[in-house]
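Summary of the model geometry
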Amino acid sequence: MNLPCSKFMLGLQVILILALSISALIPNFHADINIFFGGKHAKISNDGRQVDLLLDKSTGSGFQTKNGYIFGKFDVMMKLVPGNSAGTVTTFYLNSSWGTGHDEIDIEFLGDVNGKSYTMQTNVFTKNVGNREQRIKLCFYADNIPIRVYETGKTKVPFPSEQPMNVYATLWDGSDWATAGGRKKVDWKLAPFTVSFRDFNIDGCVWSGIGLATTCSTSYKPKWIDQKLTLKEVQKLAWVRKNYMYYDYCTDPNHHSPPPECALKITAGG
């Protein structure tokens with residue numbers, strides 16, 4: 001399956017929206033990121049608009065933003081591994097690097113064999129506690145359709161908003177779990193595998209490097225900071241959940257009791 005590029009957005013807000021969006025801005029990877037593993041397996045184009053991450057039997061690769069962010073909207077155009085991608089894991093996520101307790105907001109793409117769709121897995125960690133996975137089979141068109149909302153409501157739901165985060169992207173071997181519970185492995189005869197990230201755009205509050213997570217390097221309040229789901233977006237989210245979601249931690253019978261956020265109803269403008 002030769003996948004077209006799609007635009008993915010990570011938003012760290014009062015309502016977390018993991019969705020696909022469109023951006024006309026042209027950023028520069030040379031200025032914004034560091035390669036944090038894989039060495040020459042990660043290649044930045046001369047114009048700074050694209051990074052290719054490679055995976056072979058020796059190693060995968062990944063990059064991270066140079067800055068940490070208190071809140072932000074992070075857009076990137078991605079082209080996943082085409083054809084037989086079984087066992088590969090491609091990620092685009094937020095990860096805390098300071099403070100106590102680990103916070104993380106994940107988008108992971110789990111590969112599959114020829115003719116089968118990718119699985120998109122999302123997860124949220126707050127204060128070292130994760131296990132909030134949801135998994136969907138990707139729609140043929142996914143742009144501009146919300147696929148995950150994690151909301152605090154008026155209850156004391158743990159929320160990853162107390163410390164800065166960096167943006168990360170990786171490609172690595174997940175043969176032991178990613179495809180059919182590990183039964184389908186990476187076929188190394190097809191290596192190297194390549195994932196492309198293009199037109200990475202950051203619209204966020206840069207952490208000053210000192211003090212609490214509420215401290216930004218500049219005074220900054222973007223127009224989208226109070227963004228809420230419209231009724232149409234709530235309906236689209238319900239459609240995705242009904243037709244494409246096949247795992248939800250909130251309904252997992254192995255969980256003795258659902259976490260408190262599972263009881264919150266997602267409403268327009270909420």
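Report follows, based on the coordinates. Per chain, the residues get numbers from 1 upward, laid out in the order the sequence is written. Only residues with pLDDT of at least 70 get local features here, since the model is predicted, and only at 80 or more are side-chain atom pairs given and counted; chain-wide, interface and lining totals rely on the full set of residues. The basis for every side-chain value is the complete set of heavy atoms in the structure, and neither hydrogens nor water enter the calculation.

Next up on the list: the nonpolar core. In summary, soluble globular proteins display a tendency toward joint burial of nonpolar side chains. Put simply, buried Ala, Val, Leu, Ile, Met, Phe, Trp, Tyr and Cys residues joined by side-chain atoms within 4.5 Å make one nonpolar core. We call a residue buried when its accessible area falls under 20% of the maximum for its residue type, exposed when it is over 50%, and partly exposed in between, using a 1.4 Å probe and counting protein chains only. Ranked by internal contacts, the top residues of the largest apolar core, which has 35 residues, are Phe-63, Phe-92, Phe-109, Phe-197 and Phe-200. For the purposes of this entry, the term helix denotes a DSSP run of H or I that reaches at least four residues, the term strand denotes a run of E that reaches at least two, and both are numbered from the N terminus. For this core, the secondary-structure elements that each account for two or more residues are strand S5 (50–55), strand S7 (69–79), strand S8 (88–96), strand S9 (104–110), strand S13 (165–173) and strand S14 (193–206). Core analysis: the second largest hydrophobic core is formed by six residues, Ile-70, Phe-71, Cys-205 and Trp-224 among them.

Take the pattern of salt bridges next. We define a salt bridge as a side-chain nitrogen of Lys or Arg found within 4 Å of a carboxyl oxygen belonging to Asp or Glu. As enumerated under the stated definition, the model contains seven salt bridges in all. When the shortest N-O distance is used, the salt bridge between Asp-75 and Lys-73 registers 3.1 Å. Comparing Asp-75 with Lys-73, the two get one shared label, buried. Put simply, Asp-112 and Lys-184 hold a salt bridge, and the shortest N to O gap is 3.8 Å. Of the two residues, Asp-112 is situated in the loop between S9 and strand S10 (119–125) and Lys-184 in the loop between S13 and S14; the sequence distance between them amounts to 72 residues. A residue is classified by how much of its surface remains accessible, and Lys-184, at 29% relative accessible area, is partly exposed. One continuous salt-bridge network, built from bridges that share partners, spans Asp-112, Lys-137 and Lys-184.

Moving on, we come to the pairing of S8. Each regular strand carries side chains that alternate between the two faces of the sheet. Among the nine residues in S8, nine count as buried, and that is most of the element. Here S8 shows no split at all, with Thr-88, Thr-90, Phe-92, Leu-94 and Ser-96 on one side and Val-89, Thr-91, Tyr-93 and Asn-95 on the other all buried. Taken together, the nine bridges between S8 and S13 define a ladder with antiparallel strand orientation. Residue pairing in the sheet places Leu-94 in a bridge with Val-167 of S13. At least two DSSP bridges between two strands are required for those strands to pair.

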